[in-house]
Amino acid sequence: MRIPRIPTLVLVAAAVSQMGATDCGNALRDPGFDLWCGDQMCAWKVERGEAHKVPTWNAGDPGVELVGSDVAIEQVSPVDSGDGACIEFDLIADVDESSQVALNIDVFGDGSVEHVQPIPTSAWTPLKFELPIQGSYRGIRFEITKRGTGHAVLAQIGAKIVDGCAAFSPIVPAPAPLGAPCDDTTGCADGTCQQTFFGGLCVGCTESSCAANQVCGASDPTSPLRELPRVCEPTGSRELGEQCLHDGECGSGICNFGFAQPTLEPGGEYGNCSACRAGDACGCGAAWTGGDLHGPFVCGAALHAGVPGSGCGDAADCASGACQGTARLQCDVDGRACATAADCPFDGLHNTPCSTVGIQGGSCE
Amino acid sequence: MRLLPLAALALAASWAPAHAEPVPAPAPAPAPAIATYAIVVGSNAGGPGQTDLRYAEDDARRVAAVLTELGGYPPEAVDVVVHPTPDQLRDRLAKLADRVRADAAAGRQARVFFYYSGHARAQGIDLGATELPLTELRERLFAIPAALTVVVLDACQSGAFSRIKGAQAAADFSFSSRQHLDATGVAVLASSSGSELSQESEQLKGSYFTHNLLVGLRGAGDANGDGQVSIDEAYRYAYHQTLLETAETAVGGQHVTFEADLKGHGEVPLSYPRAATAQIVLPASLEGKTLVEDRRAHAVAAEIYKAKGTAVRIAIAPGDYDVLVRDGHSLSRCPVTAPGELDLARCRREALVVETAKGGPGALQEPWQDPHRYMAVLDLLVGPEHHDGYTDNLAAFGYNEDLAPSGGFALTGLRQIYDRLWIGATAGWASIPSWKHDIVGTQNLAQQLDWSVAEVMATMRIEQGWWSWLAYFGQLSAGLGIGHSALEGADHMTYASTNFGPAFAAAIGLRVHFGHAGFAAGWQYDGAYAVKDLIGNTHAAGGNRLVLGFSWGF
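Residues numbered from 1 in each chain as written. Chains lettered and ligands numbered in written order. Predicted model: local features only at pLDDT ≥ 70, side-chain atom pairs only at ≥ 80, totals over all residues.

Peer 1: Help me understand the overall build of chain B in this model?
Peer 2: Secondary structure summary: chain B contains eight helices and 31 strands in total. Across the 554 residues that make up chain B, the buried fraction comes to 48%. (Helix = DSSP H or I, 4+ residues; strand = E, 2+ residues; numbered from the N terminus. Buried ≥ 20, exposed ≤ 12 C-beta atoms within 10 Å, placed from the backbone.)

Written out as structure tokens, the structure is:
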């Protein structure tokens, strides 16, 4: 029988709460555009236009040339208010007059750009500026845009947390999205700011705020920077293997937490919709891939006993040896659904892995 | 010793050249019927068991020069024979004898001057590995039917402190010379007495005897101020000066001998310094031990004691000279151009260092006496690397400099070209501290710049003594710098480049020397604009350096 390990609340909470999410104060990975995966930047994502690898002061120290009249590259950083409230930018660029290059600051990474920092025309001249950020925040999306047909090569955009930004007007983040930290200053764009052990968290519902035939469920993740949004969902709308907070979310009527208990704390345990509860005397178990990753719990797990139509999380659960459903991709760190690692919470400046574990919505053939 | 008979005067008078200006009495013009010939022999090579001499051949050349400049000998009549074999010397003597016989047949009188400087043994002169017996030399000289024959022998061998001529101390060379060459119409000047050795001087770059003989012939020996130097005056001057200068050497005092058997009356002039094309006139007010140094050759041209009250003319080749005058404990250096008169107002005083172990009483010493004219210097350099726009750019790109200093070496070859001035060339190499840039967000992934610079430069050094073994120096170098950089990128590829640019170095320091070896310590600031990046920055590789050097003089 596959026995799940007991998750450690504190460890998981610390991992997903992003406390101290920098690399020795650096908020950006590969600020010098030195890491290239083939012709693509490894740490930066091209949103629009083209970005080419070009030499800078030395052929071995490349920069990125923004090619085209509408180009944007971005990197999401897990830096948060726990790291500091002042970010210092170092910049070296070769930008001619017919290019308009800007650094956009999108606090929370929710698409709302709070600050646009124009990058002046320069010829490899080092620039430095500081930006204070007000209130609680978690995560910043750094976006560099270029408009115009001119030449623009960026070589170094360092973002570092420093102590104190004197005499600058702070960036006021837009109200926090669901799943983001909040406080009295920031507020929440939707829902309410619910106080937890780790501080305020914007949630879309409470236990009593949902209509009939709805339940305040975990819902799907919206950003690696944020917790699950927790919104009202139709009762029984979740398949086997999906994350849940209440039995009512699951079509099976069981939200299994293993040996843990449900919690609303940020980074706290989520269950997953299962056919039985851990410890049930039916051979209740789950597909297990190591660590804390597991698929939905089913009776007679891995015993090849499941009759056709019965719930399964793995082919070994079925007498037929075939479990029909979709592969369950979820983040190693907290079990949230993911497509790639870019959807998973950060460990330092890196996203944690996204792994396949079990089958979601499976039934034995 | 027999002195010059007065009977030789009439014959001697006929030596004066036509352009001579006798002072105070007019010198007679040479009779056209007199033919003059000289054979001047120099041989540095030592025979079996003998060390090669350093200056015998140079002495011969100097004697020939004085004979033509001041002695009335036409250049074509002076046969300079350097490092001959016995057969070659026999051949020269035989040809000379034929010419003199031909002159005699034509009714012309002839006079012959024979000079030899080199090694000798008791029975002969050493011409390299082969000896020419003295008896044969005597017979061949006697066989020349000249009216007057002057023989000057300076035969020496090197010794422990000064160079010593005459390989065997027991050899009574000058006695032997006198015994066999005493004859009518023959005068012999020998560099030392029969029981003495003759010596060379490193400082004079010649033998004591020949040096003093030539200084006397250039005018210092003109005791009666008549504008010409007789053989008697030359002997007296050479005798006293050589004895003075050799008295405290390790070998001991050297007595010049003179033997003559001449018929006639009056003196026999050997040179006419008054008639020289260039002279240095030492003013009447000057007093002290005086040394005339050829500034270009860095060699002593004359050395006399100048008494107060009478001007002295030193016949000398045209050119620039320094006259060093020692008076008591002071030393004055006076620049003068020949022909010309010494201007005491242009003299500047210098510190005086007297070496007591050699050189003899009254010998002038430079404050800093490094006898070597060539020097090889190996310097080790260490110091912080200079920061400039290039390194500022590296810092802006996120690179951090290693804590280690720059370090390297330089090899310099120098040649002394004038007094305190040395010139040469320097080749050097230095490693520059690496700059490293950790890639943020990665583990153990970094970019590192390793670089170095090489330099090839022309070098000029001025070195001035503080003490006999300690000097301070300043040195300037300029030339080509070759910068090499290699960046190991995040992709683990190495991007190397080499650039060229101007380089310079300026240094000051102290140097001590003990014999050939020397040690120096100092400070240097250097830069080689030879490391360039792709965005227009150039690094002047270098900076402040502590220099520790080892030198070798030769």
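From this point, the narrative continues.
Peer 1: Before we go on, may I ask you to explain the overall build of chain A in this structure?
Peer 2: Within chain A one finds one helix and 26 strands. Sorting the 365 residues of chain A into buried and exposed places 53% on the buried side. When contacts within chain A are restricted to residue pairs at least 6 apart in sequence, those whose partners lie at least 24 apart make up 62%. (Contact = placed C-beta atoms within 7 Å.)

Peer 1: Even after reading the chapter, I still don't get the interface of chain A and chain B, so can you show me in this structure?
Peer 2: How big an interface is tends to be reported as the loss of accessible area on association of its parts. Counting residues at the interface gives 26 residues for chain A, matched by 16 residues for chain B. Elements represented by at least two residues in the side of chain A that touches chain B include exactly β5 (86–95) and β11 (152–161) of chain A. Here the element with the most residues in the side of chain A that touches chain B is β11(A); it accounts for three residues. Each residue belonging to the side of chain A that touches chain B can be placed in one class, and the counts come to 12 nonpolar, eight polar and six charged. (Nonpolar A, V, L, I, M, F, W, Y, C, P; charged D, E, K, R; others polar.)

Peer 1: How should the sheet that holds strand β19 (residues 271–273) of chain A be read in this particular structure?
Peer 2: Paired through backbone hydrogen bonds, the strands of a sheet run either parallel or antiparallel to each other. All names here are of chain A. The sheet built from three strands is open, its strands ordered β17-β19-β18 with antiparallel pairing. The open sheet has two edge strands with one neighbour each: β17 (243–244) and β18 (255–256). Direction of pairing for β18 relative to β19: antiparallel, over a ladder of two bridges. Looking at the pairing, N256 lines up with N272 of β19. (Pairing = 2+ DSSP bridges.)

Peer 1: So what exactly am I meant to see when it comes to unusual backbone geometry here?
Peer 2: Residues other than glycine predominantly adopt negative phi, and peptide bonds predominantly adopt the trans conformation. For the bond from A338(B) to P339(B), the omega torsion is 5°, close enough to zero to count as cis. The residue P339(B) is located in the loop between β20 (330–338) and β21 (340–341) in this model. The phi dihedral of F108(A) is positive, around 75°, even though this residue is not glycine. By the secondary structure assignment, F108(A) is in the loop between β6 (100–107) and β7 (115–119). One non-glycine residue with positive phi stands out, namely W124(A), at about 60°. Following the sequence through the fold, W124(A) ends up in the loop between β8 (122–123) and β9 (127–132). W124(A) sits in the buried class, given 22 other C-beta atoms within 10 Å.

Peer 1: Please clarify how the packing of helix α2 (residues 56–70) of chain B against helix α6 (residues 208–220) of chain B should be interpreted in this entry.
Peer 2: Each pair of packed helices can be described by the angle between their axes along with the distance between the axes. Residues and elements named next belong to chain B. The N-to-C vectors of α2 and α6 enclose an angle of 10°; their axes lie 10 Å apart at closest approach. As far as their axial angle goes, α6 and α2 are roughly parallel. Seen along the crossing, α2 lies across α6 with a hand that is left-handed. On α6, the residues touching D59, R62, V63, V66 and L70 of α2 are T210, L214, L217 and R218. Residues belonging to the contact of α2 with α6 are distributed by class as follows: five nonpolar, one polar and three charged. (Axes fitted to C-alpha atoms, helices over the stretch in contact; angles between N-to-C directions. Parallel < 35°, antiparallel > 145°, perpendicular 65-115°, else oblique. Left-handed = near helix turned anticlockwise from the far one by under 90°.)

Peer 1: Help me out: how do you make sense of the pairing of strand β7 (residues 148–155) of chain B in this one?
Peer 2: All names here are of chain B. With eight of its eight residues buried, β7 lies for the most part within the structure. Alternating positions in β7 separate into two faces, L148, V150, V152 and D154 on one and T149, V151, L153 and A155 on the other, with burial throughout. As paired strands, strand β3 (residues 109–118) and β7 are joined by eight bridges and run parallel to one another. Opposite F114, over in β7, you have V151 as the bridge partner.

Peer 1: It is not clear to me how the pairing of strand β29 (residues 494–514) of chain B should be interpreted in this structure. Could you clarify?
Peer 2: Side chains on a regular strand alternate between the two faces of the sheet. Residue and element names in this part refer to chain B. One ladder, built from 19 bridges, connects strand β28 (residues 470–488) with β29; its direction is antiparallel. Among the inter-strand pairings, I482 is bridged to a residue of β29, identified as F500. Connecting β28 to the antiparallel partner β29 that follows it, the hairpin turn spans five residues, and H492 within it adopts a positive phi of roughly 65°. Bridge analysis of β29 against strand β30 (residues 517–532) gives 12 bridges, and the strand direction is antiparallel. Considered in β30, the bridge of F504 is made with G527. Hairpin connection of β29 to β30: two residues between the antiparallel strands, including G515 at a positive phi of 70°.

Peer 1: I keep staring at the packing of α6(B) against helix α7 (residues 231–246) of chain B and nothing clicks. Help me out?
Peer 2: All names here are of chain B. Look at α6 against α7: their axes get within 8 Å of each other, and the N-to-C directions meet at 135°. Put simply, α6 runs oblique to α7. You can see that α6 and α7 cross each other, and the crossing is right-handed. Across the interface between the two elements, Y208, F209, N212, L213, G216, L217 and A220 of α6 pack against E233, A234, Y237, A238, Q241, T242, E245 and T246 of α7. Of the residues in the contact of α6 with α7, the class split is eight nonpolar, five polar and two charged.

Peer 1: Can you help me understand the environment of G465(B) in this one?
Peer 2: Residue and element names in this part refer to chain B. Mapping G465 onto the fold places it in strand β27 (residues 446–467). Residue classification places G465 among the buried positions, given that 20 C-beta atoms sit within 10 Å. Residues G465 and R420 lie 45 residues apart in sequence; the distance between their C-alpha atoms is 8.8 Å.

Peer 1: Can you help me understand the nonpolar core in this one?
Peer 2: Among soluble globular proteins, nonpolar side chains are generally buried collectively. Counting 93 residues, the largest nonpolar core has V40(B), V112(B), Y115(B), A234(B), I280(B), V292(B) and I314(B) as its most contacted members. Filtering out sequence-adjacent residues up to four positions away, I314(B) remains in contact with R218(B), G219(B), A220(B), Q279(B), I280(B), L282(B), V292(B) and A302(B). Ranked by size, the runner-up nonpolar core spans 84 residues in total, among them L28(A), I133(A), A430(B) and A490(B). (Core = buried A, V, L, I, M, F, W, Y, C linked by C-beta atoms within 7 Å.)

Peer 1: Would you take a moment to explain the sheet that holds strand β18 (residues 312–315) of chain B for this structure?
Peer 2: All names here are of chain B. Across the sheet, three strands lie side by side as β18-β15-β21; this open sheet has mixed pairing. Among the strands making up the open sheet, the edge pair consists of β18 and β21. In the sheet, strand β15 (residues 279–282) pairs with β18 via four bridges, with the strands oriented antiparallel. What sits directly across from I280, in β18, is I314.

Peer 1: Is there a simple way to think about α6(B) in this case?
Peer 2: Each full turn of the α-helix corresponds to 3.6 residues, which orients residues three or four apart in the same direction. The terminal C-alpha atoms of α6(B), which comprises 13 residues, lie only 15 Å apart, well short of the 18 Å expected from a rise of 1.5 Å per residue. For α6(B), the buried fraction is high: 13 of the 13 residues fall into the buried class. (Expected span 1.5 Å × (residues − 1).)

Peer 1: Looking at this structure, how should I read the environment of G42(B)?
Peer 2: All names here are of chain B. Take G42: it is sitting in strand β1 (residues 34–43). The spacing of G42 and V81 is 39 residues in sequence and 6.5 Å in space, taken between C-alpha atoms. Every residue in contact with G42, bar those within four places of it in the chain, is listed here: A56, E57, D59, A60, R61, V82, S117 and G118.

Peer 1: Which parts of the structure should I look at to understand the confidence of the model for chain A?
Peer 2: Caution is warranted with low-pLDDT regions, since their predicted coordinates should not be read in detail. Residues with a pLDDT of 70 or more make up 90% of chain A, whose mean pLDDT is 85. Contacts from residues 1–19 of chain A, a stretch scored under 50 in pLDDT, to residues over four places away or in other chains number 49 contacts. (pLDDT = per-residue confidence, 0-100.)

Peer 1: Any chance you could explain the confidence of the model for chain B here in plain terms?
Peer 2: Residues and elements named next belong to chain B. On average, chain B scores 78 in pLDDT, and the residues at 70 or more come to 80%. Below a pLDDT of 50 lies the segment residues 157–184, which in the model reaches 100 contacts outside its immediate sequence neighbourhood of four places, other chains included. Considering only residues more than four positions removed or in separate chains, one finds that residues 353–367, a stretch of pLDDT under 50, has 31 contacts. For this predicted complex, the interface score ipTM comes out at 0.71, alongside a pTM of 0.55.

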